[in-house]
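# Structural overview for review
Each chain, letter by letter, is given below.
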Amino acid sequence: MTRDLHLSLRITGLKPSATVEMTERVRQARLAGAEIIGLSSGDPNAVTHPAIIEAAHRSLKDGETHYGPPPGKLALREAVARCLSAESGVRYEPDQILVTPGGKFAVYASILAVVEPGDEIIVLEPGWVSYGPCVQMAGGVPVGVPTLDGVDPQRLAAAVTPRTKMIIVNSPVNPTGRIILKNELETILKTARENGIWILFDEVYKSIVYEPALYTPMQALDGALEHTFVVNSFSKTYGMTGWRIGYLAVPPGLAKSIQKILQHSVYCV
């Protein structure tokens with residue numbers, strides 16, 4: 001007897017990315033001659049600096065076209081660690097940095113690193129469209145917590161169960177642009193520390209903050225470093241969305257284990 005072929009429920013049950021779908025519709029319409037201002041994907045109206053393009057061109061001409069180290073080139077990880085340390089006030093070492101093909105894979109890798117089948121991950125809502133699907137692809141269950149008007153301590157605590165493994169925090173928030181206040185971050189950290197929960201802090205839009213707004217990175221809070229995975233991307237800050245370069249900064253001592261996810265998937269950037 002021949003068995004029917006089926007894709008996994010993990011894939012067939014996923015909704016496509018509304019952002020990507022709309023972006024492609026806009027792209028096709030522009031190719032057809034339509035003048036459209038796209039408000040779907042987070043692609044800043046900025047071009048990659050000529051010095052970056054020249055450096056990439058020079059490295060290609062110099063023969064840097066082979067496999068690189070899975071965590072990323074040491075010089076890049078050193079630069080990221082210096083920048084992250086200076087901006088957050090928390091010391092990061094190069095061996096805590098994993099260079100990834102875009103910030104999206106950094107999000108997915110951090111979730112894969114902590115989730116067992118059926119585990120729950122709290123997602124602050126409204127939030128980026130791919131958080132929930134990334135959790136589902138990893139075999140976890142996304143649990144939404146409304147935070148449009150702020151992080152409510154009671155509502156957050158009520159969402160925690162024995163299966164909760166992580167809280168995903170994004171500031172500035174995609175899509176609202178709201179910057180999560182320091183006291184709200186402290187509430188999240190307190191909940192995480194009391195319940196033994198990881199935090200995934202996505203600060204991809206941190207460079208697009210204007211006065212008088214005050215931005216606080218989660219990792220800058222006392223006691224947060226050991227609980228927090230930090231995700232960022234070169235896409236928004238440097239106008240490099242198409243280059244697909246991001247990074248994951250992990251608590252001390254974890255990078256070598258998490259690096260295996262890169263080794264068995266993308267290998268290296």
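This text follows the structure it describes.
Below you will find a few notes about this structure. (Residues numbered from 1 in each chain as written. Predicted model: local features only at pLDDT ≥ 70, side-chain atom pairs only at ≥ 80, totals over all residues. Heavy atoms only, no water.)

## What about the packing of aromatic side chains?
The tally for this structure, following the rule as stated, stands at 6 aromatic pairs. Here Phe105 and Tyr108 contribute two aromatic rings whose centre-to-centre distance is 6.3 Å and whose plane-to-plane angle is 80 degrees, an arrangement assigned as edge-to-face. Here Phe105 pairs with Tyr108, and both are found in helix α5 (residues 103-114), just 3 residues apart, close to one helical turn. Here Phe105 and Tyr108 have matching classes, each one buried. (Phe/Tyr/Trp six-rings, centres within 6.5 Å; stacked < 30°, edge-to-face > 60°. Helix = DSSP H or I, 4+ residues; strand = E, 2+ residues; numbered from the N terminus. Buried < 20%, exposed > 50% of the residue type's maximum accessible area, 1.4 Å probe, protein only.)

## Things to note about the pairing of strand β4 (residues 164-170)
Every other side chain in a regular strand lies on the same face of the sheet, so the side chains alternate between the two faces. The buried count for β4 comes to 6 of 7 residues, which makes it a mostly enclosed element. Bridging between strand β2 (residues 120-125) and β4 involves 4 bridges; their strand directions are parallel. Bridge pairing in β4 places Glu120 opposite Thr164. Taken together, the 5 bridges between β4 and strand β5 (residues 198-202) define a ladder with parallel strand orientation. The residue of β5 that forms the bridge with Ile168 is Leu200. Regarding topology, helix α8 (residues 182-195) serves as the crossover connection from β4 to the parallel β5, and that connection is right-handed. (Pairing = 2+ DSSP bridges. Right-handed = clockwise from strand over helix to strand, strands pointing away.)

## What about the pairing of β5?
For β5, the buried fraction is high: 4 of the 5 residues fall into the buried class. Direction of pairing for β5 relative to strand β6 (residues 228-233): parallel, over a ladder of 4 bridges. Bridging across to β6, Asp202 finds its partner in Val231.

## A word on helix α10 (residues 255-263)
Within α10, burial applies to Ala255, Ile258, Gln259, Ile261 and Leu262. Burial along α10 is one-sided: seen end-on, the buried residues are contained in an arc of 140 degrees. In this fold, the buried residues of α10 make contact with β1 (97-100), α5, β6 and β7 (246-249). (Arc of directions from axis to C-beta. Contact = heavy atoms within 4.5 Å.)

## Structural notes on the side chain of Gln219
Along the polypeptide, Gln219 turns up in the loop between β5 and β6. On the basis of relative accessibility, which here comes to 1%, the residue Gln219 falls in the buried class. Residues in contact with Gln219, not counting those within four places in the same chain, are Leu84, Ser88, Val90, Tyr92, Phe201, Glu203, Ala224, Leu225 and Val230.

## Quick look at the nonpolar core
Of all hydrophobic cores here, the largest spans 29 residues; its most connected members are Ile111, Ile121, Met166, Ile168, Leu200, Phe229 and Leu248. For this core, the secondary structure elements donating two or more residues are α5, β2, α6 (131-137), β4, β6 and α10. At 7 residues, α5 tops the list of elements feeding residues into this core. Core analysis: the second largest hydrophobic core is formed by 21 residues, Leu124, Ala159, Ile197 and Met218 among them. (Core = buried A, V, L, I, M, F, W, Y, C linked by side-chain atoms within 4.5 Å.)

## A word on the pattern of salt bridges
Between side chains of opposite charge, pairing is possible as soon as their charged atoms come close. For the structure shown, the criterion picks out 10 salt bridges. Here Arg163 and Asp119 are joined by a salt bridge, their closest N and O atoms 3.1 Å apart. In this pair, Arg163 sits in the loop between α7 (153-159) and β4 while Asp119 sits in the loop between α5 and β2, placing the two residues 44 residues apart along the sequence. With relative accessibility at 3%, the residue Asp119 sits in the buried group. Between Arg178 and Glu184 there is a salt bridge; the shortest N-O distance is 3.1 Å. The class for Glu184 is buried, based on a relative accessible area of 5%. One continuous salt-bridge network, built from bridges that share partners, spans Glu87, Glu203 and Lys206. (Salt bridge = Lys/Arg side-chain N within 4 Å of Asp/Glu carboxyl O.)

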